[in-house]
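Summary of the model geometry
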Amino acid sequence: MRRLCSLASVRSRTYAERFPSLLDPLPGLRFPPALHDEHQQSPPPPPHTEVTTLPNGVRIASQDIPGPMCCVGVTVAAGSVHETPSSAGASYMLERLAFHETQNRGLGEIALSVEATGGKLGAVAGRERMFYRYGALRASLPLAVEVLLDCVRNPAFLRNQVRCKVAEAREELSFLESNPELFLRESLHRVGYSGALGNPLFPTKEALGRINRGAICNFYFENYTADRLVLAASGVNHQHLVDIAAPLLSDLPKGSPVHKPKSAYTGGDFRHKTDSEVTHVAMAFEVPGGWHQAKSAVIMKVMQTLMGGGASYSSGGPGKGMQSRLYLLVMMEYDWMQAISAFSAVYDDTGLFGIHLVAPSDLVAEAVDIAIKELTAIARPGEVTEAELNRAKKTTVSSVLQNLESRESHTEDIGRQIPIDSSGKASQHFLEHIDEVTLDDITSVAQKMLSSCPTMASWGDVDKVPTHEYVRKQIESPPSDLMWALKSLFS
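Residues numbered from 1 in each chain as written. Predicted model: local features only at pLDDT ≥ 70, side-chain atom pairs only at ≥ 80, totals over all residues. Heavy atoms only, no water.

**Examining helix 13 (residues 364-377)**
A rise of 1.5 Å per residue sets the reference length of helix 13, with its 14 residues, at 20 Å; its end C-alpha atoms lie 20 Å apart and thus fit the reference within 8%. Most of helix 13 is tucked away: 11 of the 14 residues are buried. Those residues of helix 13 lying buried are Val364, Ala367, Val368, Asp369, Ile370, Ala371, Ile372, Glu374, Leu375, Thr376 and Ala377. (Helix = DSSP H or I, 4+ residues; strand = E, 2+ residues; numbered from the N terminus. Expected span 1.5 Å × (residues − 1). Buried < 20%, exposed > 50% of the residue type's maximum accessible area, 1.4 Å probe, protein only.)

**Points about the sheet that holds strand 3 (residues 69-76)**
With respect to topology, six strands assemble into an open sheet ordered 1-2-7-3-5-4, the strand pairing being mixed. Two strands bound the open sheet, and with one partner strand each, they are strand 1 (50-53) and strand 4 (120-125). Here the strands of the sheet are splayed against their neighbours by 15 degrees on average, with no regard to which way each runs. (Pairing = 2+ DSSP bridges. Axes fitted to C-alpha atoms, helices over the stretch in contact; angles between N-to-C directions.)

**Points about the packing of aromatic side chains**
One pass over the full model with this rule turns up 10 aromatic pairs. Taken together, a centroid distance of 5.1 Å and an interplanar angle of 80 degrees make the contact between Tyr220 and Phe221 edge-to-face. Taking the relative accessible area as the measure of exposure, Phe221 reaches 59% and is therefore exposed. Among the aromatic residues, ring-to-ring pairing joins Phe99, Tyr132, Phe157, Tyr220, Phe221 and Tyr224 into one connected group. (Phe/Tyr/Trp six-rings, centres within 6.5 Å; stacked < 30°, edge-to-face > 60°.)

**Points about helix 9 (residues 213-223)**
Those residues of helix 9 not exposed but buried are Ala215, Ile216, Cys217, Phe219, Tyr220 and Asn223. For helix 9, the secondary structure elements touched by its buried residues are strand 3, helix 3 (90-96), helix 5 (141-153) and helix 6 (159-176). Looking at where helix 9 begins, the residue whose side-chain oxygen comes 3.1 Å from the main-chain nitrogen of Gly214 is Asn212. (Contact = heavy atoms within 4.5 Å. Polar contact = N/O pair within 3.5 Å; in protein donor to acceptor, adjacent residues only side chain to side chain.)

**Things to note about the nonpolar core**
Formed by 73 residues in total, the largest nonpolar core has its most connected members in Val74, Leu94, Tyr132, Leu148, Tyr224 and Leu231. At eight residues, the largest contribution of residues to this core is made by helix 5. Among residues more than four places away in sequence, those in contact with Tyr224 are Val76, Ala78, Leu94, Met130, Tyr132, Val152 and Leu252. (Core = buried A, V, L, I, M, F, W, Y, C linked by side-chain atoms within 4.5 Å.)

Take a look at the structure:
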């Protein structure tokens, strides 16, 4: 009986009464004495990019980051902006033909080398650059560099392989129209720019009908020259990399002087009508300067984070982007909106910033009005708060640092930086510029951006999308908050 009463009294006490608080130190637990300040290690300095330029103009750049893995890549200043009507689609085909037979190795030998080094290959064709990468174990760097440079410098371009890749490209092109977001981003460039940046990154059916081995070879030999090539690496000793790569690159010839392809932003409208319950609309504006004006590029990236966005269903997990303006002010207010998000694209001398939205076709006109309202809002002084800006800046820094955790992304970033900023401190400067962004900077860049002619691209029931002229006038003279409230009330 006494035992039952004792058990009942224990159960009647709360958890806090029965067990000690986890906030209090455990009795009898001894901690080692703390080190004096003079013995504590200071945080390591940020890694510095070491750069070596060979006599023929090839630049070798790397950062020695600790770890068992490394990545080495080749960046070539050649992309769709360098294509002519006779070579249209060549950069896209070079991406598809990357890491195939060379004049020294067969496909099987390349595969065995990749397996032996624990490697991972990749190639990406861009509008202004081509990027090849080879991730491998750090101890396997000599073989990785040799295989990478052999694939870049000595491709065989076998005729049967070219024919097979062209046939595959035709099939891939048929799937492009079924991917509205990618299709509209491509269309924005084709109608928004005249000149080089208006060249299609994904070749047209007509270009695939003309492209052949001869056109690919001509494009390759004209553009893959020493002065336009950067060998970049992450996670390697720089001198070791130079000792390996210099003999393999020293005989690469310099190219003839190349005039930088010219582009002019014009704005425009593209519409692709198709049977769909939802309609996609992308609106973009020019932000001049590009990477050569780093501060403007940084402000545009912070502005993209500030606007943010999201979808009614997101695979990114709960809470992704929920503190951004487009999520709080649009997705949370209009339950019929399928998705809305800000996007940007930065090039050497120019850039695009805009909004992509997905809405039911019957409501797409109202969705466009909402997007215009949010775009013009950030151009008004006092609309964006200091708390919103600080959150966007911290999120942008976090995103940049997270991307640089990847050896592949880090290597690509080094290869992109060096032709623009040979100091090797571009990433550090980028982070410093983010911290310096002010509310006035956001307002100024937004006002300058919205003064350019809008570029529109739509997919779906495009007859219900407002006209280009309507959007232009709404941007130039946005309705007041009262007019917007009345319009929303009676819509």
